[in-house]
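# Coordinate analysis (summary)
Below are the chains, spelled out letter by letter.
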Amino acid sequence: MPAIALIGAQWGDEGKGKATDLLGSSVTHVVRYQGGNNAGHTVVTPDGQKYALHLIPSGILTPNCTPVIANGVVVDPHVLVDEMQGLAERGVDVNRIKLSADAHLIMPYHIAIDKVSERYLGKAKIGTTGRGIGPCYQDKIARIGVRVQDLLDPSILTQKVESALELKNQILTKIYNRKALDPQQVVDETLEVGAQLQPLIADTRLLLNEAHERGEWILLEGSQGTLLDVDHGTYPYVTSSSPTSGGAAAGSGLGPRAIERSIGILKAYTTRVGSGPFPTELFDDKGEYLRKQGGEVGVTTGRDRRCGWFDAVIARYAARVNSLTDFFLTKLDVLSSLETVPICVAYEVDGKRLDEMPMTQTDFHHAKPVYEEMPGWFEDITHCRTFDELPENAQRYVRRLEELSGARISAIGVGPGREENVLVHELV
Ligand code: GDP
Ligand code: IMO
Ligand code: MG
């Protein structure tokens, strides 16, 4: 049976948590393969309970499904323990989580450097979540990272922390004028919290491949989105990992051929948190309308999300770089009661029309959207469950997005709840 990747097709917060939760009951494993607690995935269960998940895969809310934190994820052990505790208090069985021995640990010095370096950048800041994500991935690539398996060997952990802090303390004190961290205290605190994680540690690469060989269904839950990918996104205003489908293979240890289906999660309009170019961004009352109607406030940092119209150039780009087989269009209900709904179909850069993503970020920063206006609809669509039940103009809007976006739209979200969808084609 195939592995299915669910991938953010824009700048994150497309509704990946909800989509994962919807498909959770059809799979045996739900896997986070990159990112860390920079993510904030919202799930609203049928009994109306709302959950915000940061590090634990959304499959935790589906009984009998094994949530896997795979090798490509960066794990803040304190956050993981707190998140587990919060879920356990709400009656969720958290002991079934599997944590890769190869995942890297976010250490206190990563968080300190993330926060202080952003302040240092001033106006040029990336607008990171301040969770230590970038500095942790930097250490991974520099081959000086601390991994989950080091929790099992205190002497290796001590050596690694001491050697890392020799350099990091110089950076913190001499460049950023901050206090040095005490290596022994960092080691002690890491081992103390790590003891609670030991029972979860597993060879997740083997576990997932064996499940795949047995013919089980595996869901790969992306975090962030295609335009935040370190290679394919709006660099340098990106995250430090690969949310795209290539990253799903590398970050889980499943081979690329195991991933037979890639579903792009696509908001019916566009949002972005943090700095960076955003061609269809709105600065008027329409932007405010989307923010209010869509409840566009960050789950992780509480920052207001920047809002704009749907950008088909980006959707086409996401379809390509991820080999998307389907789209899950979310939040269509948010657009109800607009006179007209513009769609960005191309860009204009220095007087020239561009139908695809510009080659350079300089051009992307100057890209002006070319809009096509679609007639809006005023009906409440939250109760719609089939395509035919949608108002005529909503159907037209969806069909036009599909024509422009390079993959079929197989599901449409009409509300935050697990059941609030229009299913057009089977997803699993
Ligand atoms: P994620 O990071 O991709 O999982 O997305 P977030 O959870 O950060 O943000 C998506 C928000 O939209 C959450 O509040 C969801 O509950 C909500 N949501 C998801 N799908 C829909 C939908 O179809 N309609 C509406 N109104 N809300 C939705
Ligand atoms: P989910 O999984 C939206 C953004 C940050 C910042 C940039 C880099 O909920 O969709 P980082 O802390 O990763 O170094 O920040 O990436 N960002 C997100 N934006 N949704 C997310 O996750 C994000 N995770 C990171 O705002 O612009
Ligand atoms: Mg989110």
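We now turn to the structure provided with this report. Bear in mind the structure is a predicted one, so any value in this text is a computation, not a measurement.

### Comments concerning the sheet that holds strand 19 (residues 408-413)
The 10 strands are arranged 9-7-5-2-10-1-11-15-19-20 in an open sheet whose pairing can be described as mixed. Looking at the sheet topology across the chains shown, the edges are occupied by strand 9 (201-202) and strand 20 (421-423). Running over the sheet, helix 1 (residues 16-23) touches strand 1 (3-8), strand 2 (29-32), strand 10 (218-221), strand 11 (259-267), strand 15 (326-330), strand 19 and strand 20 and is turned about 160° from strand 1.

### Quick word on the site of ligand 1
What surrounds ligand 1 is a group of 18 residues, the closest being Gly15, Lys16, Gly17, Thr42 and Asp333. Valine 414 has a polar backbone atom sitting 3.5 Å from an oxygen atom of ligand 1. Burial of ligand 1 by the surrounding chains reaches 92%, relative to a free accessible area of 590 Å². Taken together, the residues that form the shell around ligand 1 break down as three nonpolar, eight polar and seven charged.

### Here's the deal with the coordination of the magnesium ion (ligand 3)
Taken together, the protein ligands of the magnesium ion (ligand 3) are Asp13 (OD) and Gly40 (O), with distances of 2.0 to 2.2 Å. One end of the pair, aspartate 13, is in the loop between strand 1 and helix 1; the other, glycine 40, is in the loop between strand 2 and strand 3 (41-44), with 27 residues separating them in the sequence. Of the residues examined, aspartate 13 reaches a relative accessible area of 22% and is grouped as partly exposed. Among the residues examined, glycine 40 registers a relative accessible area of 11% and is labelled buried.

### A word on the site of ligand 2
Around ligand 2, the surrounding shell holds 20 residues, and the nearest of these are Asp13, Lys16, His41, Thr129 and Thr239. Between ligand 2 and lysine 16 there is a distance of 2.7 Å, counted from an oxygen atom to a side-chain nitrogen or oxygen. Contacts to ligand 2 include arginine 303, whose side-chain N or O atom sits 3.0 Å from an oxygen atom. Against a free-state accessible area of 550 Å², the protein chains account for coverage of 97% of ligand 2.

### Observations concerning a negative patch on the surface
The grouping of Asp182, Asp188, Glu189 and Glu192 at the surface amounts to a negative patch. Here glutamate 189 shows up in helix 6 (residues 183-195).

### Side note on the pattern of salt bridges
Counted according to the given criterion, the structure contains 21 salt bridges. Measuring nitrogen to oxygen at the nearest pair gives 3.9 Å for the salt bridge that ties arginine 96 to aspartate 93. We classify arginine 96 as buried; its relative accessible area is 17%. The exposure class assigned to aspartate 93 is partly exposed, which follows from its relative accessible area of 42%. The salt bridge involving glutamate 216 is made with arginine 214; its shortest N-O contact spans 2.7 Å. Taken together, the shared-partner salt bridges in this structure form one network comprising Asp13, Lys267, Glu296, Arg305 and Lys331.

Thresholds applied
Residues numbered from 1 in each chain as written. Chains lettered and ligands numbered in written order. Predicted model: local features only at pLDDT ≥ 70, side-chain atom pairs only at ≥ 80, totals over all residues. Heavy atoms only, no water. Pairing = 2+ DSSP bridges. Helix = DSSP H or I, 4+ residues; strand = E, 2+ residues; numbered from the N terminus. Contact = heavy atoms within 4.5 Å. Axes fitted to C-alpha atoms, helices over the stretch in contact; angles between N-to-C directions. Near = heavy atom within 4 Å. Polar contact = N/O pair within 3.5 Å; in protein donor to acceptor, adjacent residues only side chain to side chain. Areas by Shrake-Rupley, 256 points an atom, 1.4 Å probe, with all protein chains shown as cover. Nonpolar A, V, L, I, M, F, W, Y, C, P; charged D, E, K, R; others polar. Donors = N, O, S within 2.8 Å, 3.2 Å for Na, K, Ca; no water. Buried < 20%, exposed > 50% of the residue type's maximum accessible area, 1.4 Å probe, protein only. Patch = residues over 30% accessible without salt bridge, like charges linked within 9 Å, V, L, I, M, F, W, Y side chains within 5 Å. Salt bridge = Lys/Arg side-chain N within 4 Å of Asp/Glu carboxyl O. Lys, Arg positive; Asp, Glu negative; His and termini not counted. Charge placed at Lys NZ, Arg CZ, Asp CG, Glu CD.

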